[in-house]
Amino acid sequence: AQSVDQPDAHVTLYEGASLELRCSYSYSAAPYLFWYVQYPGQSLQFLLKYITGDAVVKGTKGFEAEFRKSNSSFNLKKSPAHWSDSAKYFCALEGPTSSSFSKLVFGQGTSLSVVP
Amino acid sequence: SVLLYQKPNRDICQSGTSLKIQCVADSQVVSMFWYQQFQEQSLMLMATANEGSEATYESGFTKDKFPISRPNLTFSTLTVNNARPGDSSIYFCSSREWGGWNTLYFGAGTRLSVL
């Protein structure tokens, strides 16, 4: 079975610092991995995805993520962080194949607070 | 991208009543997915709805409680039957452009409060 773990329920940092949100996954095959952001009271917005190829993928809003097969991780990064990045971030996994029918499994989410 | 319009965006209902949530896509899509999100928690996939067939439900969700219709390639409805306070949550519909490796997009969500 596939699963996603985001071990940090809350992360707080100062504006201008570098942020890294952790995500690990468990899956027997090649994963398709995603990051989404949810601002308070809003729906989910897509940030970036890893399908294949370069381990570092760049997304919207200045975010990037690095896929590391060796430790089954897909951490989200941004530098510098801005107060407007305060939101909840979800890592998600798709499998076993990618198609119109494929479903996403989400991690628990990490609430990020960026203090001005 | 796919734009998904949900309505209502918010509703309050009494225990024991039923509520219907509609989701309309701005283009034809193969699958529509319904997710449930409790306050400050993750999203749980409830079911997958494909046109012309019965929805496929995930563990913990049943068609008697959450019947889903998918009459065409742009529309789906989720009904919450015999609503209970424990059903109070946000319900999202989602879908992706036709084909694989495409991003899943979400509707704005329906915030349900059951009294």
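The preceding data block contains the structure.
Attention here is on the structure that accompanies the text. Here the structure is a predicted model, which is why all the values come from computation and not from measurement. (Residues numbered from 1 in each chain as written. Chains lettered and ligands numbered in written order. Predicted model: local features only at pLDDT ≥ 70, side-chain atom pairs only at ≥ 80, totals over all residues. Heavy atoms only, no water.)

Notes on the overall build of chain A
Turning to step 1, where the next piece is worked out: Within chain A, the secondary structure is distributed over zero helices and twelve strands.
Turning to step 2, where the next piece is worked out: For chain A, the succession of helices and strands along the chain, N to C, is β-β-β-β-β-β-β-β-β-β-β-β.
Turning to step 3, where the next piece is worked out: For chain A, the C-alpha radius of gyration of 14 Å lies close to 13 Å, the compact-globule estimate for 116 residues.
Turning to step 4, where the next piece is worked out: When the backbone C-alpha atoms are referred to their principal axes, chain A occupies close to 40 × 30 × 25 Å.
Turning to step 5, where the next piece is worked out: Looking at chain A as a whole, 49% of its 116 residues qualify as buried.
Turning to step 6, where the next piece is worked out: A fraction of 56% describes how many contacts in chain A between residues 6 or more apart in sequence connect residues 24 or more apart.
Turning to step 7, where the next piece is worked out: Summing over all exposed atoms, chain A offers an accessible surface of approximately 5400 Å²; the carbon and sulfur share of this is 53%.
Turning to step 8, where the next piece is worked out: Side-chain charges of chain A comprise 10 positive and 9 negative groups, with the mean position of each set lying 4 Å from the other. (Helix = DSSP H or I, 4+ residues; strand = E, 2+ residues; numbered from the N terminus. Rg over C-alpha atoms; globule rule 2.2 N^0.38 Å. Buried < 20%, exposed > 50% of the residue type's maximum accessible area, 1.4 Å probe, protein only. Contact = heavy atoms within 4.5 Å. Areas by Shrake-Rupley, 256 points an atom, 1.4 Å probe, with all protein chains shown as cover. Lys, Arg positive; Asp, Glu negative; His and termini not counted. Charge placed at Lys NZ, Arg CZ, Asp CG, Glu CD.)

A closer look at the packing of aromatic side chains
Turning to step 1, where the next piece is worked out: What the rule picks out here adds up to 15 aromatic pairs over all chains.
Turning to step 2, where the next piece is worked out: The interplanar angle of 85° and the centroid separation of 5.5 Å between the aromatic rings of A:Phe106 and B:Tyr35 together place this pair among those described as edge-to-face. Linking A:Phe106 in strand E11 (residues 103–106) with B:Tyr35 in strand E4 (residues 31–37), this pair reaches from one chain into another. Of the two residues, A:Phe106 and B:Tyr35, both sit in the buried class.
Turning to step 3, where the next piece is worked out: Clustering of aromatic rings is evident, with ring pairs tying together A:Phe34, A:Tyr36, A:Phe46, A:Phe90, A:Phe106, B:Tyr35, B:Phe92 and B:Phe106.
Turning to step 4, where the next piece is worked out: The ring of B:Phe66 has B:Lys65 lying over it, and the distance from NZ or CZ to the ring centre is 5.9 Å. (Phe/Tyr/Trp six-rings, centres within 6.5 Å; stacked < 30°, edge-to-face > 60°. Lys NZ or Arg CZ within 6 Å of the ring centre and 35° of its normal.)

Some details on the sheet that holds strand E7 (residues 68–72) of chain B
All names here are of chain B.
Turning to step 1, where the next piece is worked out: With respect to topology, four strands assemble into an open sheet ordered E1-E3-E8-E7, the strand pairing being antiparallel. The sheet terminates laterally at strand E1 (4–7) and E7, the two strands that pair on one side only. Mean inter-strand twist for the sheet, computed between neighbouring axes without regard to direction, equals 15°.
Turning to step 2, where the next piece is worked out: For strand E3 (residues 19–25) and strand E8 (residues 75–80), the ladder comprises six bridges, and the chain directions are antiparallel. (Pairing = 2+ DSSP bridges. Axes fitted to C-alpha atoms, helices over the stretch in contact; angles between N-to-C directions.)

So, the state of the cysteines
By definition, a disulfide links two cysteine residues through a covalent bond between their sulfur atoms.
Residues and elements named next belong to chain A.
Turning to step 1, where the next piece is worked out: Considering all chains together, one arrives at two disulfides over all chains under this definition.
Turning to step 2, where the next piece is worked out: A sulfur-sulfur distance of 2.0 Å marks the disulfide that ties Cys 23 to Cys 91. Its S-S torsion of approximately -65° makes the covalent link between Cys 23 and Cys 91 left-handed. Residue Cys 23 is found in the loop between strand E3 (19–21) and strand E4 (24–26), and its partner Cys 91 is found in strand E10 (residues 87–95); the two are separated by 68 residues along the sequence.
Turning to step 3, where the next piece is worked out: Given a relative accessible area of 1%, Cys 23 falls into the buried group. (Disulfide = S-S within 2.5 Å.)

What about the interface of chain A and chain B?
Turning to step 1, where the next piece is worked out: Chain A puts 24 residues into the contact, and the matching count from chain B is 26 residues.
Turning to step 2, where the next piece is worked out: Across the chain A/chain B interface, buried area totals approximately 1900 Å², and carbon plus sulfur atoms make up 51% of it.
Turning to step 3, where the next piece is worked out: The tally of links between chain A and chain B comes to one salt bridge.
Turning to step 4, where the next piece is worked out: Taking the shortest distance from any N to any O, the salt bridge between A:Glu94 and B:Arg96 comes out at 3.5 Å. (Buried area = accessible area lost by both parts, 1.4 Å probe. Salt bridge = Lys/Arg side-chain N within 4 Å of Asp/Glu carboxyl O.)

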